[in-house]
Amino acid sequence: MLKPKMEKMLNEQINKEFYASYLYLDMAAKCSEMGRPGFAKWFKLQAKEEIEHAMKIYSYIHEQGGNVKLDAIDKPNVGESAIKDLFEKALEHEKYVTKSINELMDEAVKSNDYATQIFLQWFIMEQLEEESSVQEIIDSLNNMGDSKAGLYVIGRKLYKRKE
Ligand code: FEO
């Protein structure tokens, strides 16, 4: 049984994951507009992963006998951004999500909610992986400077992402 504060925070996290999905979908659309299908595919798959994160929390709330309360999802606005700016923004957003997951863990520890602590461990490791994969792309983009050929090679590599 979830305590009310934990249930509220988990519901807020569902909203944050859906917002992340929306944000990445917006970034994917921006990459498509720029004629960069490899980067667009990477962001689309990322958007799908974020929905999976939201659904994991959705199911967990129900498993614990709680109620899912869905809220409005904010409009994403990536504006006019170059490819590298999109990844910088994605990293910034992942750091925000990591902070939010850590706050959920803090609450689970404070309230002796052992099941939620175990549930959140997966998210903590997932955030580590997500931040590192975005950072890796930023590093590759930095290494190639302003080279169009480099952008093409990185795009092709990202296009091979399967899930
Ligand atoms: Fe669900 Fe990318 O954090």
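Above this text is the structure in question.
Rules used in this analysis
- All residue numbers refer to position in the chain's written sequence, counted from 1.
- Given that the model is predicted, a residue must reach a pLDDT of at least 70 before its local features are reported, and side-chain atom pairs must reach 80 or more before they are shown or counted; all residues, however, enter totals for whole chains, interfaces and linings.
- Each side-chain value is derived from all of the structure's non-hydrogen atoms; neither hydrogens nor water enter the calculation.
- Numbering of helices and strands starts at the N terminus; helices are DSSP runs of H or I of at least 4 residues and strands are runs of E of at least 2.
- What a helix should span is 1.5 Å times the count of its residues minus one.
- With a 1.4 Å probe rolled over the protein chains alone, any residue whose accessible area is under 20% of its type maximum counts as buried; one over 50% counts as exposed, and the rest are partly exposed.
- Points on a 1 Å grid, built from protein atoms alone, make a cavity when a 1.4 Å probe fits but cannot get out and make a pocket when they are open with protein on both sides within 12 Å along at least 5 of 7 lines; residues with an atom within 4 Å of a point are the lining residues.
- Grid points are joined across faces, edges and corners, and a volume is the space filled by probe spheres set on the points.
- Polar here means any residue other than Ala, Val, Leu, Ile, Met, Phe, Trp, Tyr, Cys and Pro, which are nonpolar, and Asp, Glu, Lys and Arg, which are charged; Gly is therefore polar.
- Take the buried Ala, Val, Leu, Ile, Met, Phe, Trp, Tyr and Cys residues and link them wherever side-chain atoms come within 4.5 Å; each set so joined is a nonpolar core.
- Contacts are residue-level and defined by heavy atoms, with any inter-residue pair within 4.5 Å sufficient.
- Like-charged residues are merged into a patch within 9 Å and nonpolar side chains (Val, Leu, Ile, Met, Phe, Trp, Tyr) within 5 Å, provided each residue has over 30% relative accessible area and no salt bridge.
- Per-residue and other accessible areas follow the Shrake-Rupley method at a 1.4 Å probe size, with only the shown protein chains counted as cover for residues.
- Definition used for salt bridges: Asp or Glu carboxyl oxygen within 4 Å of a side-chain nitrogen of Lys or Arg.
- In this analysis an axis means a line fitted to C-alpha atoms, helices contributing only their contacting stretch, and an angle means the value between N-to-C directions, from 0 to 180 degrees.
- Note on angle classes: values under 35 degrees are labelled roughly parallel, values over 145 roughly antiparallel, values of 65 to 115 roughly perpendicular, and the remainder oblique.
- When the near helix sits turned anticlockwise from the far one by under a right angle, the crossing is termed left-handed; a clockwise turn instead gives a right-handed crossing.

S.K.: I would appreciate a short explanation of helix 2 (residues 37-63) in the present structure.
M.R.: Residue pairs three or four apart in sequence face the same way in an α-helix, which turns once every 3.6 residues. Under the 1.5 Å per step criterion, the end-to-end length of helix 2 is 39 Å for 27 residues, consistent within 8% with the ideal 39 Å. Looking one or two residues past helix 2, G65 carries a phi angle of roughly 75 degrees, positive in sign.

S.K.: Hey, could you run me through the environment of D71 in this one?
M.R.: As for its placement among the helices and strands, D71 is situated in the loop between helix 2 and helix 3 (83-110). Take D71: its relative accessible area is 63%, and that puts it in the exposed class. Sequence-wise, D71 and F43 are 28 residues apart; in three dimensions their C-alpha atoms are separated by 24 Å.

S.K.: Help me understand the layout of surface pockets, please; the structure alone is not making it clear to me.
M.R.: It is the rolling of a water-molecule-sized probe over the atoms that shows where space remains empty. In this model, the largest pocket occupies a volume close to 180 Å³. As for the largest pocket, its lining consists of R36, A82, I83, K84, L141, M144, G145, D146, S147, K148 and L151. Considering only residue class, the lining of the largest pocket consists of 5 nonpolar, 2 polar and 4 charged.

S.K.: Help me understand the nonpolar core, please; the structure alone is not making it clear to me.
M.R.: Generally speaking, a soluble globular protein has its nonpolar side chains buried in company with each other. Counting 25 residues, the largest nonpolar core has Y24, M27, F39, F43, F87 and L141 as the members making the most contacts within it. When sequence neighbours within four positions are dropped, the list of residues in contact with Y24 reads F43, Q46, A47, E50, A90, H93 and E94.

S.K.: Just to check I follow, could you spell out a nonpolar patch on the surface for this structure?
M.R.: A cluster of nonpolar residues, I51, M55 and Y58, forms a patch on the protein surface that exposes about 230 Å² of accessible area. With respect to the secondary-structure elements, I51 resides in helix 2. Judged by its relative accessible area of 36%, I51 falls in the partly exposed class.

S.K.: Looking at this structure, how should I read the packing of helix 2 against helix 5 (residues 148-159)?
M.R.: When two helices pack together, you describe them by how their axes are tilted relative to each other and by the distance separating the axes. Packing of helix 2 against helix 5 leaves a shortest axis separation of 7 Å and a crossing angle of 40 degrees. For the element pair helix 2 / helix 5, the angle class is oblique. Regarding helix 2 and helix 5, the two cross each other, and that crossing is left-handed. Between helix 2 and helix 5, the contacting residues are P37, G38, F39, K41 and W42 on the first element and L151, I154, G155, L158 and Y159 on the second.

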